[in-house]
Amino acid sequence: MNSKPLILCTLVAVALCLVHFGTAVPAIGHFTHKRFGVCLNNCVQCKTMLGDYFQGQTCALSCLKFKGKAIPDCEDIASIAPFLNALE
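Conventions and cut-offs
- Residues numbered from 1 in each chain as written.
- Predicted model: local features only at pLDDT ≥ 70, side-chain atom pairs only at ≥ 80, totals over all residues.
- Heavy atoms only, no water.
- Helix = DSSP H or I, 4+ residues; strand = E, 2+ residues; numbered from the N terminus.
- Buried < 20%, exposed > 50% of the residue type's maximum accessible area, 1.4 Å probe, protein only.
- Contact = heavy atoms within 4.5 Å.
- Disulfide = S-S within 2.5 Å.
- Patch = residues over 30% accessible without salt bridge, like charges linked within 9 Å, V, L, I, M, F, W, Y side chains within 5 Å.
- Areas by Shrake-Rupley, 256 points an atom, 1.4 Å probe, with all protein chains shown as cover.
- Salt bridge = Lys/Arg side-chain N within 4 Å of Asp/Glu carboxyl O.

A. Structural view of the overall build of the protein chain. Helix and strand counts for the protein chain come out as 3 helices and 0 strands. N-terminal to C-terminal, the α/β element order of the protein chain is α-α-α. Taken over 88 residues, the protein chain has a buried fraction of 16%. Taking as baseline every contact in the protein chain between residues at least 6 positions apart, the subset at least 24 positions apart corresponds to 68%.

B. The arrangement of the state of the cysteines in detail. If you walk through the whole model with that rule in mind, you get 3 disulfides. The side chain of cysteine 39 participates in a disulfide bridge whose partner is cysteine 63; the two sulfur atoms lie 1.9 Å from each other. Handedness of the cysteine 39-cysteine 63 disulfide follows from its S-S torsion of about -80°: it is left-handed. On the criterion of sequence distance, the pair formed by cysteine 39 in helix H1 (residues 4–50) and cysteine 63 in helix H2 (residues 56–65) is long-range, its members being 24 residues apart. Paired by a disulfide, cysteine 43 and cysteine 59 hold their sulfur atoms 1.9 Å apart. Because the sign of the S-S torsion sets the handedness, a value of about -75° for the bond joining cysteine 43 and cysteine 59 places this disulfide among the left-handed ones. In this pair, cysteine 43 sits in helix H1 while cysteine 59 sits in helix H2, placing the two residues 16 residues apart along the sequence. There is no split in this pair, since cysteine 43 and cysteine 59 are both buried. Among the cysteines of the protein chain that take part in disulfides, numbered as they appear in the sequence, the pairing is 1-5, 2-4, 3-6.

C. Unusual backbone geometry, seen in detail. Even without a glycine there, the phi angle at lysine 67 is positive, about 55°. If you trace the backbone, lysine 67 turns up in the loop between H2 and helix H3 (77–80). Lysine 67 sits in the exposed class, given a relative accessible area of 52%.

D. Region of the structure containing a nonpolar patch on the surface. Together, Tyr53, Ile77, Leu84 and Leu87 make up an exposed nonpolar region whose accessible area comes to about 380 Å². Its location among the elements puts leucine 84 in the segment after H3. The partly exposed category is assigned to leucine 84, whose relative accessible area is 30%.

In structure tokens, the structure reads:
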């Protein structure tokens, strides 16, 4: 039995998958990168606004851990509650 047609079909299928999914990956990566940047910028803004009451480093680490999916909003207490600390 000749296996050349099977190998050729496999290579064509792999090439089509790479072309199809290869164009989608940069777009997904760009969107994630943009969200990550927004998350970090918001951490900096909250640290500037709230000073020592806000744990900026913990916020930034959260952006890394969750890949920018949980974006903190300085005016939304629920979104920044994990990063707040009480001064004594």
